[in-house]
Amino acid sequence: RAFNIVPDLCRAVVSVRDDLSGCVKKYLAEAEKEQPLEYSFTKNKLSLEFRGVSAHGSEPDEGKNAVTGMLTLLAGLYRLAGEENSYIAFASKFDTKGQKLQIACADKISGDLSLNVGIGEYRQGEGWFGVDIRVPVTYAVEDICKSLSETCAQAGAEFTVDKADKSTYVPESDEYVQKLAGAYEAVTGKKARLLACKGATYAKCFENRGVAFGPIDDTDPAMGGGLHGADECICIGALTDLAEIYALALCRLLD
């Protein structure tokens, strides 16, 4: 349970009218063909379990969100019953790029805005959801929050900010960034590809005067990939290379 993790499990218990039980079972049988889903009936109660795929909250499209998957499923059940749950209908609009919430934006430096529904709870018509939003570096976090607050208010919901960090950015042309890249290239023999990371790192402490330097090969999970996912790892060979890269980088930075 964390804001910055794509949740891989969501459970729900809902009441089902007797006259709808047959239709609901047929609906769930079709839904089960598209996604990992478990369900059971006990009298008029339907128990649901939606399984997704975990990933880092800054890259929600790399996983499958169990919470938003469940919300979409529940919204379909309400439509099947000829009813509408305004809360579920609105919460199911929280897509990974904020398009349905009218906050989608992007720039060449950091790419698209990302949105992850990390945790949530809904009971008896009331609920809350915790979201993690990563805003492109050239956009103001305050503007995104204001827009989302207005959208939520129109739907009868309240948007509150628990924590908001400003983006940091150091251009690729920076002298020290180039020295770091040169150290990576000298040890690995590969061309350094400088990344704009949506994750928060210790670079924020330097206030646009420093970067996070942890060389990875994002094409190979054993070389530092799979961040915050199941079986996150790095191989021993990569750690050995990192030690050499860091030593050379330090020597060049102090030169």
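The text that follows walks through the structure, step by step, so that each part is easy to find. (Residues numbered from 1 in each chain as written. Predicted model: local features only at pLDDT ≥ 70, side-chain atom pairs only at ≥ 80, totals over all residues. Heavy atoms only, no water.)

1. Regarding the side chain of Asp132
Piece 1. Relative to the elements of secondary structure, Asp132 occurs in strand β7 (residues 126-134).
Piece 2. Engagement of the side chain of Asp132 in a polar contact is seen with the side chain of Arg134, the distance being 2.7 Å.
Piece 3. Residues in contact with Asp132, not counting those within four places in the same chain, are Phe3, Asn4, Ser114, Leu115 and Asn116. (Helix = DSSP H or I, 4+ residues; strand = E, 2+ residues; numbered from the N terminus. Polar contact = N/O pair within 3.5 Å; in protein donor to acceptor, adjacent residues only side chain to side chain. Contact = heavy atoms within 4.5 Å.)

2. Quick notes on the environment of Ala203
Piece 1. Position of Ala203 among the secondary structure elements: in the loop between α5 (175-188) and α6 (236-254).
Piece 2. Using a relative accessible area of 5% as the deciding quantity, one classes Ala203 as buried.
Piece 3. Linking Ala203 and Pro7, residues 196 residues apart in sequence, is a C-alpha distance of 27 Å.
Piece 4. Aside from chain neighbours lying at most four places away, what touches Ala203 is Gly210, Val211 and Ala212. (Buried < 20%, exposed > 50% of the residue type's maximum accessible area, 1.4 Å probe, protein only.)

3. Examining the packing of aromatic side chains
One pair of aromatic rings is described through two measures. These are the centre distance and the angle between the planes.
Piece 1. In this structure the tally under the stated criterion is four aromatic pairs.
Piece 2. A centroid spacing of 5.8 Å and a plane angle of 85 degrees characterise the contact between Phe90 and Phe94, whose relative ring orientation is edge-to-face.
Piece 3. Phe90 sits in the buried class, given a relative accessible area of 11%.
Piece 4. The class of Phe94 is buried, set by a relative accessible area of 15%.
Piece 5. Taken together, Tyr87, Tyr122 and Phe129 form an aromatic cluster joined through their ring pairs. (Phe/Tyr/Trp six-rings, centres within 6.5 Å; stacked < 30°, edge-to-face > 60°.)

4. What to know about the sheet that holds strand β3 (residues 45-51)
Piece 1. Judged by pairing direction, the sheet is antiparallel, and its three strands sit side by side in the order β1-β3-β2 without closing on themselves. Each having just a single partner strand, β1 (9-15) and β2 (37-42) make up the two edges of the open sheet. Taking each pair of neighbouring strands and ignoring which way they run, the sheet shows an average axis angle of 15 degrees.
Piece 2. Of the pairings in the sheet, the one linking β1 to β3 comprises seven bridges and is antiparallel in character. Note on β3: the bridge partner recorded for Arg11 is Glu49. (Pairing = 2+ DSSP bridges. Axes fitted to C-alpha atoms, helices over the stretch in contact; angles between N-to-C directions.)

5. With respect to the pairing of β7
Piece 1. By the bridge criterion, nine bridges tie strand β6 (residues 114-123) to β7 in an arrangement that is antiparallel. Within β7, the position partnered with Leu115 by the bridge is Ile133.
Piece 2. Once β6 ends, the chain turns through two residues before running back antiparallel as β7, passing Gln124 with a positive phi of about 50 degrees.

6. Here we look at unusual backbone geometry
Piece 1. Positive phi, normally seen in glycine, also occurs at Glu207, with a value near 50 degrees.
Piece 2. Tracing the sequence through the fold places Glu207 in the loop between α5 and α6.

7. With respect to the pattern of salt bridges
Piece 1. Tallied over the entire structure, the rule returns nine salt bridges.
Piece 2. Here Glu49 makes a salt bridge to Arg11, at a shortest N to O gap of 2.9 Å. In this pair, Glu49 sits in strand β3 while Arg11 sits in strand β1, placing the two residues 38 residues apart along the sequence.
Piece 3. For Glu49, a relative accessible area of 13% translates into the label buried.
Piece 4. We classify Arg11 as exposed; its relative accessible area is 57%.
Piece 5. Here Lys179 and Glu175 are joined by a salt bridge, their closest N and O atoms 3.7 Å apart. With Lys179 and Glu175 both in helix α5, this residue pair falls four residues apart, about one helical turn. (Salt bridge = Lys/Arg side-chain N within 4 Å of Asp/Glu carboxyl O.)

8. Points about the packing of helix α1 (residues 21-32) against helix α2 (residues 66-80)
Between two packed helices, what matters for the description is the angle formed by their axes and the separation of those axes.
Piece 1. Orientation of α1 relative to α2, taken along the N-to-C sense of each, is 150 degrees, at an axis distance of 11 Å. For the pair α1 and α2, the sense of crossing is right-handed. Note on element contacts: α2 touches α1 through Thr72, Leu73, Gly76, Leu77 and Leu80, opposite Cys23, Val24, Tyr27, Leu28 and Ala31.
Piece 2. Residues of the contact of α1 with α2, tallied by class, amount to eight nonpolar, two polar and no charged. (Left-handed = near helix turned anticlockwise from the far one by under 90°. Nonpolar A, V, L, I, M, F, W, Y, C, P; charged D, E, K, R; others polar.)

9. Points about the side chain of Asn85
Piece 1. With respect to the helices and strands, the residue Asn85 is situated in the loop between α2 and α3 (86-91).
Piece 2. The class of Asn85 is buried, set by a relative accessible area of 13%.
Piece 3. Once residues within four sequence positions are removed from consideration, Asn85 is found in contact with Tyr78 and Tyr122.

10. Regarding the nonpolar core
Piece 1. Judged by nonpolar contacts, the single largest core of 36 residues is most densely connected at Leu48 and Met70.
Piece 2. The set of elements that each furnish at least two residues to this core consists of β1, α1, β3, α2, α3, β6 and α4 (141-154).
Piece 3. Residues contacting Met70, with those up to four places away along its chain left out, are Cys10, Arg11, Ala12, Leu48, Glu49 and Phe50.
Piece 4. Counting residues in hydrophobic clusters, the runner-up holds eight residues, among them Ala181, Ala183, Tyr184 and Ala249. (Core = buried A, V, L, I, M, F, W, Y, C linked by side-chain atoms within 4.5 Å.)

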